[in-house]
Amino acid sequence: MIVTIDGPAGAGKSTIARQLADTLGFHFLDTGAMYRAVTLGAIRKQIDFADTALLISHAQRATIEWQDTRLLLDRDDVTQEIRSPIVTDSIKHIADIPEIRESLSDQQRRIAECQNIVTEGRDQGTDVFPHAECKLFLTASPAERAKRRHQQLADLGRPIPLEQILEAQNRRDAEDRGRPRGTLRPADDAVIIHSDGLTFETVVEMMLDTVRKKMQSLQPEASEH
Ligand code: C5P
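Note that this is a predicted model, so its numbers are computed, not measured.

### Observations concerning the pattern of salt bridges
1) Next: Enumeration over the complete set of coordinates arrives at 20 salt bridges.
2) Next: Among the ionic pairs, Arg109 bridges to Asp106, the shortest N-O distance being 3.1 Å. Here the residue Arg109 and the residue Asp106 both occupy positions in helix α5 (residues 98-112), the gap between them amounting to three residues, near one helical turn.
3) Next: Look at Asp106 and you get partly exposed, because its relative accessible area is 33%.
4) Next: For Asp176, the salt bridge goes to Arg122, with nearest N and O atoms at 2.9 Å. Of this pair, Asp176 sits in helix α8 (residues 162-178) while Arg122 sits in the loop between β6 (117-121) and α6 (124-128), placing them 54 residues apart in sequence. There is no split in this pair, since Asp176 and Arg122 are both buried.

Following this line, the structure appears as structure tokens:
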């Protein structure tokens, strides 16, 4: 069974999707991490972001693998580095290129083959897995998402003004929604969860409930004998 979770930056998708996958005993795929790894690789190789052909061949050659929760790019552990601001700010140069999206989408489909999986990103329920059995779209208002991020960073000892976070978030939203391929949007058949005012646990419960109902509806009718 494939469960897709899409939604904007800062909606808490990764943590919630991971928890959902753990509870269901499903595999978990963080597709944002794949875009981040390809971006980091391009930065490390100092590829000019205007050189689309070179970016495409770099993306097609890069090997992205997981060892438990660690992400390896060409065998090098990049789990931390893919979260750095320079990577976040540069991703659009990678994520806007249709051939790179195609290549990463193919990898995502191969990873999902023959296994139960929760896969999280922007385009999972729309472009990558249009036939997924269960599609969720997790969102929250821009103010709520920025507030949560602000708190998270403060807890990590890295306080950043709220307005600055909101501005960067608005920019990413516009990039993710404005992209012609892999556009951030809910699939027509997605269940939309608006998480303003809801706790992490409540959102996970709502998702679990949706997935379990879907599983039941997919079970063959019990025999009468
Ligand atoms: O989810 P995360 O914030 O790590 O994703 C980073 C960026 O990667 C997103 O802002 C988006 O530009 C890109 N992305 C994408 N398609 C996905 C997942 C992420 O374009 N399926």
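### A short note on the site of the ligand
1) Next: Taken together, 16 residues lie near the ligand, and Arg36, Arg101, Asp123, Arg172 and Asp176 sit nearest.
2) Next: A distance of 3.3 Å separates an oxygen atom of the ligand from a polar atom in the side chain of Arg179.
3) Next: When isolated, the ligand has an accessible area of 460 Å², and the protein chains bury 94% of it.
4) Next: Those elements giving two or more residues to the shell around the ligand turn out to be α2 (31-44), α4 (85-95), β6 and α8.
5) Next: Broken down by element, the residue count for the shell around the ligand peaks at four residues, all from α2.
6) Next: For the shell around the ligand, the residue count by class is three nonpolar, four polar and nine charged.
7) Next: For the shell around the ligand, the domains that each give at least three residues are domain 1 (1-26 + 116-212) and domain 2 (31-114).

### Topic: the domain arrangement of the protein chain
1) Next: When the domains of the protein chain are assigned, the result is domain 1 (1-26 + 116-212) and domain 2 (31-114).
2) Next: Contacts between domain 1 and domain 2 engage 16 residues on the former and 17 residues on the latter.
3) Next: Buried area between domain 1 and domain 2, summed over both chains or domains, comes out near 1300 Å², and the portion from carbon and sulfur atoms is 46%.
4) Next: Where domain 1 meets domain 2, there are four salt bridges.
5) Next: Here Glu102 and Arg181 are joined by a salt bridge, their closest N and O atoms 2.9 Å apart.
6) Next: Along the contact surface separating domain 1 from domain 2 lie eight residue pairs in polar contact (both at pLDDT 80 or more).
7) Next: For the side of domain 1 that touches domain 2, the secondary-structure elements that each account for two or more residues are β6, α6 and α8.
8) Next: The leading source of residues in the side of domain 1 that touches domain 2 is β6, at four residues.
9) Next: Considered class by class, the residues forming the side of domain 1 that touches domain 2 number four nonpolar, four polar and eight charged.

### Topic: the side chain of Ser195
1) Next: The topology assignment puts Ser195 in the loop between β8 (191-194) and α9 (200-218).
2) Next: Exposure remark for Ser195: the relative accessible area of 2% places this residue in the buried category.
3) Next: Only 2.9 Å separates the side chain of Ser195 from the side chain of Arg148, close enough to count as a polar contact.

The rules behind the values
Residues numbered from 1 in each chain as written. Predicted model: local features only at pLDDT ≥ 70, side-chain atom pairs only at ≥ 80, totals over all residues. Heavy atoms only, no water. Salt bridge = Lys/Arg side-chain N within 4 Å of Asp/Glu carboxyl O. Helix = DSSP H or I, 4+ residues; strand = E, 2+ residues; numbered from the N terminus. Buried < 20%, exposed > 50% of the residue type's maximum accessible area, 1.4 Å probe, protein only. Near = heavy atom within 4 Å. Polar contact = N/O pair within 3.5 Å; in protein donor to acceptor, adjacent residues only side chain to side chain. Areas by Shrake-Rupley, 256 points an atom, 1.4 Å probe, with all protein chains shown as cover. Nonpolar A, V, L, I, M, F, W, Y, C, P; charged D, E, K, R; others polar. Domains from an automatic or database assignment. Contact = heavy atoms within 4.5 Å. Buried area = accessible area lost by both parts, 1.4 Å probe.

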